[in-house]
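# Geometric and topological summary
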Amino acid sequence: MASNAIADPVSTPSQSELRSPVGSPPEVSFQPDDETLICGPVRGYPGTAVRSTLDDEDGEATVGDAERQPLLGRKERSRTVDSDLNSFLGDPEFAAVVQLAERAMDENVFPERIQQGSSGSYFSKDPSGRIIGVFKPKDEEPYGHLNPKWAKWIQKNCCPCCFGRDCLVLNQGYLSEVGASLIDQKLDLNVVPKTKVVWLACKTFFYGPIDRCKSQGKKYALEKMPAVGRRFRRIGLPPKMGSFQLFVEGYKDADFWLRRFETEPLPENMRRQFQFEFEKLVVLDYIIRNTDRGNDNWLIKYDLPVSENRDSEWMMVKEPMIKIAAIDNGLAFPFKHPDSWRAYPFYWSWLSQAKVPFSQEIAKLVLPKTTDMGFVQDLCLDLLELFKEDKGFDKVLFEKQMSVMRGQILNLTQALQDGKTPCELVNMPSMVVECTERSRSPNFIQKITSQRPFFSSW
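Before going into details, it helps to say that this report is about the structure given with it. (Residues numbered from 1 in each chain as written. Predicted model: local features only at pLDDT ≥ 70, side-chain atom pairs only at ≥ 80, totals over all residues. Heavy atoms only, no water.)

Looking now at the overall build of the chain. When helices and strands are tallied, the chain shows 15 helices and eleven strands. Per-residue burial over the chain gives 48% buried out of 458 residues. Here the analysis covers contacts within the chain between residues at least 6 apart in sequence; of these, 75% occur between residues at least 24 apart. (Helix = DSSP H or I, 4+ residues; strand = E, 2+ residues; numbered from the N terminus. Buried < 20%, exposed > 50% of the residue type's maximum accessible area, 1.4 Å probe, protein only. Contact = heavy atoms within 4.5 Å.)

A few words on the sheet that holds strand β2 (residues 112-113). One open sheet holds the five strands; their spatial order is β2-β3-β4-β6-β5, and the pairing between them is antiparallel. Two strands in the sheet have a free side with no partner beyond their single neighbour: β2 and β5 (195-200). Sheet analysis places β2 next to strand β3 (residues 122-125), joined by two bridges and oriented antiparallel. For E112, the partnering residue across the bridge sits in β3 and is F123. (Pairing = 2+ DSSP bridges.)

In this structure, T195 sits in strand β5. Classification of T195 as buried rests on a relative accessible area of 2%. Within the structure, T195 has its side chain in polar contact with the side chain of Q245 (distance 3.1 Å). Excluding residues within four positions of it along the chain, T195 makes contact with E177, V178, S181, S243, F244 and Q245. (Polar contact = N/O pair within 3.5 Å; in protein donor to acceptor, adjacent residues only side chain to side chain.)

We now examine empty space enclosed by the protein. Summary: where empty space remains is shown by rolling a probe the size of a single water molecule over the atoms. In this structure the tally under the stated criterion is one cavity of 30 Å³ or more. For the largest cavity, the calculated volume is near 30 Å³. If you trace the largest cavity, you find it lined by V169, Q172, F393, D394, L397, F398 and Q401. Partitioning the lining of the largest cavity into residue classes produces four nonpolar, two polar and one charged. (1 Å grid on protein atoms, 1.4 Å probe; cavity = no way out; pocket = protein on both sides within 12 Å on 5 of 7 lines; lining within 4 Å. Points joined across faces, edges and corners; volume = space filled by probe spheres on them. Nonpolar A, V, L, I, M, F, W, Y, C, P; charged D, E, K, R; others polar.)

All told, the structure shown has 24 salt bridges when counted by the stated rule. Residue E177 pairs with K136 through a salt bridge whose shortest N-O separation is 2.8 Å. Here E177, found in helix α7 (residues 173-186), pairs with K136, found in strand β4 (residues 131-137); they are 41 residues apart in sequence, far enough to count as distant. Comparing E177 with K136 shows no difference in burial state: the two are buried. (Salt bridge = Lys/Arg side-chain N within 4 Å of Asp/Glu carboxyl O.)

Turning to helix α10 (residues 254-263), a few remarks are in order. Of the positions making up α10, those classed as buried are A254, W257, L258 and F261. Angularly, the buried residues of α10 cover 105° about the axis, an arc narrow enough to put them on a single face. Of the residues in α10, the exposed ones pointing more than 90 degrees away from the buried face are R259, E262 and T263. Of the surrounding secondary structure, the elements contacted by the buried residues of α10 are β7 (252-253), α11 (268-288), β8 (298-303) and β9 (321-326). (Arc of directions from axis to C-beta.)

Looking now at the nonpolar core. I183, W298, L383 and M405 are the most contacted members of the largest nonpolar core, which has 69 residues in total. Leaving out residues up to four positions away in the same chain, L383 has contacts with G179, L182, I183, F333, F398, M402 and M405. Core analysis: the next-biggest nonpolar cluster, separate from the first, contains 18 residues, V97, A101, I132 and A201 among them. (Core = buried A, V, L, I, M, F, W, Y, C linked by side-chain atoms within 4.5 Å.)

Strand direction decides the pairing type here: β3 and β4, joined by four bridges, are antiparallel. Bridging across to β4, K125 finds its partner in I131. Once β3 ends, the chain turns through five residues before running back antiparallel as β4, passing G129 with a positive phi of about 95°.

Turning our eyes to something else, we now look at unusual backbone geometry. Positioned with a positive phi, N108 is a non-glycine residue whose angle comes to about 65°. With respect to the helices and strands, N108 occurs in the loop between α5 (92-106) and β2. A relative accessible area of 57% means that N108 is categorised as exposed. Not every positive phi belongs to a glycine, and D328 is a case in point at roughly 55°. Residue placement: D328 occurs in the loop between β9 and α12 (360-370). A relative accessible area of 29% places D328 in the partly exposed class.

Relative to the helices and strands, S403 resides in helix α14 (residues 395-418). Residues S403 and F335, spaced 68 residues apart in sequence, show a C-alpha to C-alpha distance of 7.8 Å. With residues near it in sequence (within four places) discarded, S403 still touches V432, V433, E434 and C435. Within the local environment of S403, its side chain forms a polar contact with the backbone oxygen of E399, the two atoms lying 2.9 Å apart.

As C-alpha cells, then:
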C-alpha cells in the first residue's frame, strides 16, 4: 500500500488509518473522537486580541459625554478607546505588559525601530525605557504598503523573482508569529515567547502622509474650533494591527553559543538538557514548516553555575540551566511545500545535535497529542479562529495550510515512533493531508509532493 501511495494519491476514509509511506505505519488515526469536533461551533482560544466594535448608540453616547468634558481629558479618552482594541481573556500578565507599553508611549517613551530584517518591527519599552516586547505591524511587513525598508522595496519591485516566498500567504507574517506561539503552548514546548495580536498607535511607527496630515488637522481643529474637534471620534494616529511578542532577557544568538560549545563542550547533564530543548525547537519548526530558521533567529540562554555567597564558609551554587527561545516565526505556515526556486531548509539540520535520535522525553511529550485526532482538529480550529481575524482571510488557502501542517504532523509522528533523527526527519517525503467533508463524516486524502525546488540541498 505504501508504494501505491507514492505513485498516486490515496483516498483514506474517516474509518481507516493514515499511513506514512516511509517505514512502518504509525499508530495514528485521523478519525475524530466526536463529530462535534468537525460539525460543532468553532471555538476561539483564550488570549487572542480582538478589535472591539461599538454600535451607533454607544458611539453617540461617547461623543455626547466628551462634549461635556474639559479639553484636558481628551488625551485620556483617546488612549481609552485604543486600549479597548486589546482584549486578553485569561491572561492578565500579558495584558499588563501591553498596558505598560501603552503607558510608556503616553509618557513619551516611544518604541524603537529594529534596523535588521526586511520589515518594520519595533522594540516596545516600559516607562523606564526597558525593552519589554517586539511589535511587528501587519502593514509594515515585506509586502505591506507601509514597509519602511526602502532597499527591500526596490528589491521587491526590481527583482521580484528573488524576493519573498511564493509558498506563503502574503501579509500574514504577524499571524504566523501568533500561530507559532499558539502551537507552542498547545504542545507544552515552551520555546516561543508568548505572542498575541495587538493594536498599537505611535508616532514612531511608519505612517503614510495622509494619516499624519489627518491627525495634525484634527488636532488643529480641536485647538482652534473645539466645538468641531470634539466630534472627531479619534484625534491621534490610527492604531496598527500586528503581533506583540514578549521580550526575553539573558539570551544570545544561537550561533554565539554553538561556536563556544565546540571549544568548551557542555557537561553531560547540560548536554542532555540542551538536546531536549533542541528537539522541542525541531518539533515546532517542522510542524509549522518554518521557511526561515537559521542560527541567527533562535536564541540560547546558558546560566553557568555561580556561587551566591563566596564569603561564607558554605557556598551555595546555582543550578546550571540552558534554554532555547524560538523567535522570528513570521515566515511559516505555507500553503504548499517549497517547489519553485529555493528549498528553505532548516539550518539546524546540519548541526551535530540533529544527528542524534529523538529522545524518549520528547516522544512522551509530543506523541500523546499528535496521535490524537481530536487534538489535531482542535489545533486546526484554534488556528482558524486566529487566521480569520485578518481582512484578507481566504478559506481555501487556509485549508491548504492545514493540509501541509497535517502532513508534517504525520511525518513527525512516524519519526518519533521509529526513533529517527531530526536529520532523517527533514529528509522524509513531503506530504499533505487534505480534508474533504462528505455528509457529516470527514475524509482525508494523503498525497506526496514529488516536485522539488530548482536549488535544493536536500
